[in-house]
Amino acid sequence: ARLRTALAESSRSLYGARAGLVDALVLGRRGGIDPGLQQRFADAGLVHLLSISGFHVGLITAWVFLLGRLLRLGRSRALATAAAVSVAYVAFLGWPAPATRAAALAVVTALCRTRQRHVHADSVLAATCLMVLLLDPWAILDLGGWLSAAALWGATRFSRWTDRAFGAGFGWRTLGSSVGATVATAPITAAALGTVALAG
């Protein structure tokens, strides 16, 4: 009986931890996560995964686009659907700055691709940051917004450099974008959080 009780309590505790983690990853609510687990994420430089960021919105947008293509939607219609879903998701979350920038990026990219316009990374980043500030001028004070913009700028800048220096291979591009995001966000995290976690 004791073993059964212990297993049931352990199962409830594990279920609660998983539910709290899912809440954080999907809805941005961190209240249900054990403080020790949050600290381990912070120590590893991965605490940004527990808040809704451009990465999360980008994943959702990409999956909706791929699903649209599997359902034989045309490229333009799949892009528009993915952008609309990302905007709806971010609106549901209450327009957090990093997620809003990513949704704006999805919309601008879909418009550019549909109209067969060249997408220039720095111009699109500037336009999406401006869109965030038009929706919420107080986002200028949001640390997540700064980190989101800096990470995207660093990733695109460094991956363009690795494309020129080493070719546009997947490995070099991944390495360049990772190093670029880390270097670009390092001064902000050092100033705001007092640490830079290179593993992140």
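Fair warning: this is a prediction, and the values are worked out from it, not measured in the lab. (Residues numbered from 1 in each chain as written. Predicted model: local features only at pLDDT ≥ 70, side-chain atom pairs only at ≥ 80, totals over all residues. Heavy atoms only, no water.)

(A) The arrangement of a nonpolar patch on the surface in detail. On the surface, Trp161, Phe166, Trp172, Leu175, Val179 and Val183 cluster together into a nonpolar patch covering about 580 Å² of accessible area. The dominant element in the nonpolar patch, judged by the number of residues it contributes, is helix α8 (residues 170-193), at four residues. Turning to its location among the elements, leucine 175 is positioned in helix α8. Leucine 175 sits in the partly exposed class, given a relative accessible area of 46%. (Patch = residues over 30% accessible without salt bridge, like charges linked within 9 Å, V, L, I, M, F, W, Y side chains within 5 Å. Areas by Shrake-Rupley, 256 points an atom, 1.4 Å probe, with all protein chains shown as cover. Salt bridge = Lys/Arg side-chain N within 4 Å of Asp/Glu carboxyl O. Helix = DSSP H or I, 4+ residues; strand = E, 2+ residues; numbered from the N terminus. Buried < 20%, exposed > 50% of the residue type's maximum accessible area, 1.4 Å probe, protein only.)

(B) Highlighting the side chain of serine 159. Of note, serine 159 is situated in helix α7 (residues 143-166). With near-sequence residues (within four places) excluded, serine 159 lies in contact with Arg173, Gly176 and Ser177. (Contact = heavy atoms within 4.5 Å.)

(C) Up close: α8. When the terminal C-alpha atoms of α8 are compared, their 32 Å separation across 24 residues agrees well with the 34 Å that a helix rising 1.5 Å per residue should span. Here α8 has its buried residues at Gly176, Gly180, Ala181, Ala184, Thr185, Ala186 and Thr189. On its buried face, α8 sits against α7. Just downstream of α8 lies glycine 194, where phi reads positive at about 75°. (Expected span 1.5 Å × (residues − 1).)

(D) Structural context of the packing of helix α3 (residues 54-70) against helix α5 (residues 97-114). α5 packs onto α3 with a crossing angle of 35° between their chain directions and a minimal axis gap of 7 Å. As α3 runs across α5, the sense of the crossing is right-handed. In contact with Gly54, Val57 and Thr61 of α3, α5 contributes Pro98, Ala99, Arg101, Ala102, Ala103 and Ala106. Of the residues in the contact of α3 with α5, the class split is six nonpolar, two polar and one charged. (Axes fitted to C-alpha atoms, helices over the stretch in contact; angles between N-to-C directions. Left-handed = near helix turned anticlockwise from the far one by under 90°. Nonpolar A, V, L, I, M, F, W, Y, C, P; charged D, E, K, R; others polar.)

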